[in-house]
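Tertiary structure, described
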Amino acid sequence: MNWFQKPEYPVKAQLPRIEHHEQLPEGAVELARIADPNSERYTIFFVRQGKYLSVLEAGSWLLKDGTPRYRCSQVDFPLGVLPWFADALTEFRKPPAQGGLHAGAMTSADEDVEGEMLCIERAMNAGRGVGGYTIVNWSRTDHGKLWKNDYHPQEITFADNFLYDAGLLDLIKDLGEKYRRGEL
């Protein structure tokens, strides 16, 4: 019996792994950062690597015994994810009567965004008791895969209150407009 998920689409080569948000690879540029209101630890960083966007969730804290810890996770997308996400999220949230997904839908159709297959999924308990949305990149395998030859798509989840109340969606829209104007 095979427990490994198989990719539905061709898998792209990994972008350079960013181990620390303050030590970016040569040529990488931080576009923006925003603190996650659901965590005292984590900040989200948007980093351009050529034609791609790496979204980092980075933070540090102390263990109970005083030992310092640092974590930096990375999810990669084409830069076109910025305007796509804002538009796709608007469509995802439309009621069925206005042309949205059927009632109870939890995931959008996969869409080709600059050669990578992306979708949005509704997430439960994405923050402290709130829902949210996950951006899934079916064209890239997770950087932190545990087993060789295992495939798990890259994905990141944002809580509703982070998107709508704490300014994340506005930041993404702003970056998306800059991308459309060729300013990124």
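Quick summary incoming for the structure in this document. Since this is a predicted model, take the numbers as computed values, not measurements. (Residues numbered from 1 in each chain as written. Predicted model: local features only at pLDDT ≥ 70, side-chain atom pairs only at ≥ 80, totals over all residues. Heavy atoms only, no water.)

1. Brief notes about the side chain of Gln74
Note the following rule: Numbered from the N terminus, helices here are DSSP runs of H or I no shorter than four residues, and strands are runs of E no shorter than two. Pairing of N or O atoms within 3.5 Å defines a polar contact, subject to two protein rules: one partner must be a possible hydrogen donor and the other a possible acceptor, and residues neighboring in sequence count only if both atoms are side-chain atoms. Any two residues having at least one pair of non-hydrogen atoms within 4.5 Å are treated as being in contact.
By secondary structure assignment, the location of Gln74 is in strand β4 (residues 68–78). Among the polar contacts made by the side chain of Gln74, one reaches the side chain of Arg17 at a distance of 3.4 Å. Of the polar contacts made by the side chain of Gln74, one reaches the backbone nitrogen of Ile18; its length is 2.6 Å. Those residues within four positions of Gln74 in sequence are excluded, and the remaining contacts are Leu15, Pro16, Arg17, Ile18, Gln49, Ser54, Val55, Leu56, His143 and Gln154.

2. A short note on the packing of aromatic side chains
Working definition: an aromatic ring pair is given by the centre-to-centre distance plus the angle between the planes. Let me state the cut-off plainly: The pairing test for Phe, Tyr and Trp rings, Trp by its six-membered ring, is centres within 6.5 Å, and the orientation test on the planes gives stacked under 30 degrees, edge-to-face over 60, and tilted for anything in between. Buried, partly exposed and exposed residues are distinguished by accessible area as a fraction of the type maximum, computed with a 1.4 Å probe on protein chains only: under 20%, between the cut-offs, and over 50%, respectively. In our convention, an over-ring charge means Lys NZ or Arg CZ found within 6 Å of a ring centre and within 35 degrees of that ring's normal.
On inspection of all chains with the given rule, the structure shows three aromatic pairs. With a centroid separation of 6.0 Å and an interplanar angle of 70°, the aromatic rings of Tyr42 and Trp61 are classed as edge-to-face. Taken together, the residues Tyr42 in strand β2 (residues 42–49) and Trp61 in strand β3 (residues 52–62) connect sequence positions 19 residues apart. Among the residues examined, Tyr42 registers a relative accessible area of 14% and is labelled buried. With 5.6 Å between their ring centres and 85° between their planes, Phe92 and Tyr133 make a pair best called edge-to-face. Highlighted residues: Phe92 in helix α1 (residues 81–93) and Tyr133 in strand β7 (residues 130–141), separated in sequence by 41 residues. A cation over a ring is seen here: Arg41 above Trp61, with NZ or CZ 4.4 Å from the ring centre.

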